[in-house]
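Letter by letter, the chains look like this.
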Amino acid sequence: IYADYSAQYDSSLILLDSLTEKYPMNIIFNYEKSVVLIKNKQLDKAAELLNKISQFNFDKFPQTNALIYFQLGNIYFYQNKFDFAIHNFHKFIEQANSLDFVGIAHYRMAICYYFLNKILKSKHELLLSGQGNEDIEADNYAKEKSIELFDSWMSKERERVIIARNNICAGNYTAVIDSLKY
């Protein structure tokens, strides 16, 4: 919460390192650490941690178990590893016990399918993008953008923006700079 409020990811990571060292099997501390790693653009470390804690599978935390796959989907999406992203977003949706982030997961799968040249699957996921929780900004964004995208489809400029944004989220700034050269 502190990290989200003040963007103090480095200090949050120090605290979470201490907590996960003291409580290595605590799924909540480990999950929160992975989220901070993602925000700190340390995607490989976050993926490693998420894959580790996915093995915990605590029955008392079914939504956290599902959110692990949502975050893995995000990581692979940001790394433009679209097949892996789709796989993890599907696992998230299958396990989720609420609509939280379901819309954005479908939207990102639609983008993934588009870049994999699977247009019918992409359109199908766009139609499902409105199924998220309307109280969550990311799900509202997915709903609005899916309507816009379904009607107008994808321009080359939008493709470039998506890939550039993913590279920014992944901390791959060289790729972003290179994409601006032409």
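Structure's up top.
The model shown is predicted, which means the values in this text are computed figures rather than measured ones.

A. Structural view of the packing of aromatic side chains. Scanning the model with the defined rule gives twelve aromatic pairs in all. Note on phenylalanine 82 and phenylalanine 115: the rings are 5.2 Å apart at their centroids and 10° apart in plane angle, and the pair reads as stacked. Here phenylalanine 115 lies in helix α7 (residues 102-115) and phenylalanine 82 lies in helix α6 (residues 82-95), a separation of 33 residues in the sequence. Here phenylalanine 82 falls in the buried class, since its relative accessible area comes to 9%.

B. Structural context of the state of the cysteines. The final tally for this structure, using the stated rule, is zero disulfides. Cysteine 112 provides the cysteine sulfur closest to cysteine 169, a residue in no disulfide bond, and the two sulfurs are 13 Å apart. For cysteine 169, a relative accessible area of 17% gives the class buried.

C. Looking closely at the packing of helix α3 (residues 27-39) against helix α4 (residues 43-53). Two elements in contact, α3 and α4, have axes whose closest approach is 8 Å; the angle formed by their N-to-C orientations is 160°. When the interaxial angle is binned, α3 and α4 end up roughly antiparallel. Read as a crossing pair, α3 and α4 show a hand that is left-handed. Here Ile27, Asn30, Tyr31, Lys33, Ser34, Leu37 and Ile38 of α3 come into contact with α4, specifically with Leu43, Lys45, Ala46, Leu49, Leu50, Lys52 and Ile53. Its residues assigned to classes, the contact of α3 with α4 shows nine nonpolar, two polar and three charged.

D. Spatial organisation of the nonpolar core. Leu50, Ile75, Phe77 and Phe92 are the most contacted members of the largest nonpolar core, which totals 49 residues. When contributions to this core are tallied by element, the ones reaching two or more residues are α2 (9-22), α3, α4, α5 (62-78), α6, α7, α9 (137-152) and α10 (156-169).

E. Inspection of unusual backbone geometry at higher detail. Here phenylalanine 101, not a glycine, exhibits a phi torsion of approximately 70°, which is positive. Considering the arrangement of structural elements, one finds phenylalanine 101 in the loop between α6 and α7. Positive phi values are uncommon outside glycine, yet tryptophan 153 reaches one of about 60°.

F. Quick look at α4. For α4, the set of buried residues is Leu43, Ala46, Ala47, Leu49, Leu50 and Ile53. Axial view of α4: buried residues confined to an arc of 165°, hence all on one face. Residues of α4 that are exposed and point more than 90 degrees away from the buried face comprise Asp44, Lys45 and Glu48. Where α4 is buried, its residues touch α3, α5 and α10.

G. The arrangement of the pattern of salt bridges in detail. Applying the stated criterion to the full structure yields five salt bridges. The partner of lysine 33 in a salt bridge is aspartate 17, with the nearest N and O atoms 2.7 Å apart. Taken as a pair, lysine 33 in helix α3 and aspartate 17 in helix α2 lie far apart in primary sequence, 16 residues in all. One salt bridge connects glutamate 134 with lysine 143, and the closest N-O pair in it is separated by 3.5 Å.

What counts, and where the lines are drawn
- Residues numbered from 1 in each chain as written.
- Predicted model: local features only at pLDDT ≥ 70, side-chain atom pairs only at ≥ 80, totals over all residues.
- Heavy atoms only, no water.
- Phe/Tyr/Trp six-rings, centres within 6.5 Å; stacked < 30°, edge-to-face > 60°.
- Helix = DSSP H or I, 4+ residues; strand = E, 2+ residues; numbered from the N terminus.
- Buried < 20%, exposed > 50% of the residue type's maximum accessible area, 1.4 Å probe, protein only.
- Disulfide = S-S within 2.5 Å.
- Axes fitted to C-alpha atoms, helices over the stretch in contact; angles between N-to-C directions.
- Parallel < 35°, antiparallel > 145°, perpendicular 65-115°, else oblique.
- Left-handed = near helix turned anticlockwise from the far one by under 90°.
- Contact = heavy atoms within 4.5 Å.
- Nonpolar A, V, L, I, M, F, W, Y, C, P; charged D, E, K, R; others polar.
- Core = buried A, V, L, I, M, F, W, Y, C linked by side-chain atoms within 4.5 Å.
- Arc of directions from axis to C-beta.
- Salt bridge = Lys/Arg side-chain N within 4 Å of Asp/Glu carboxyl O.

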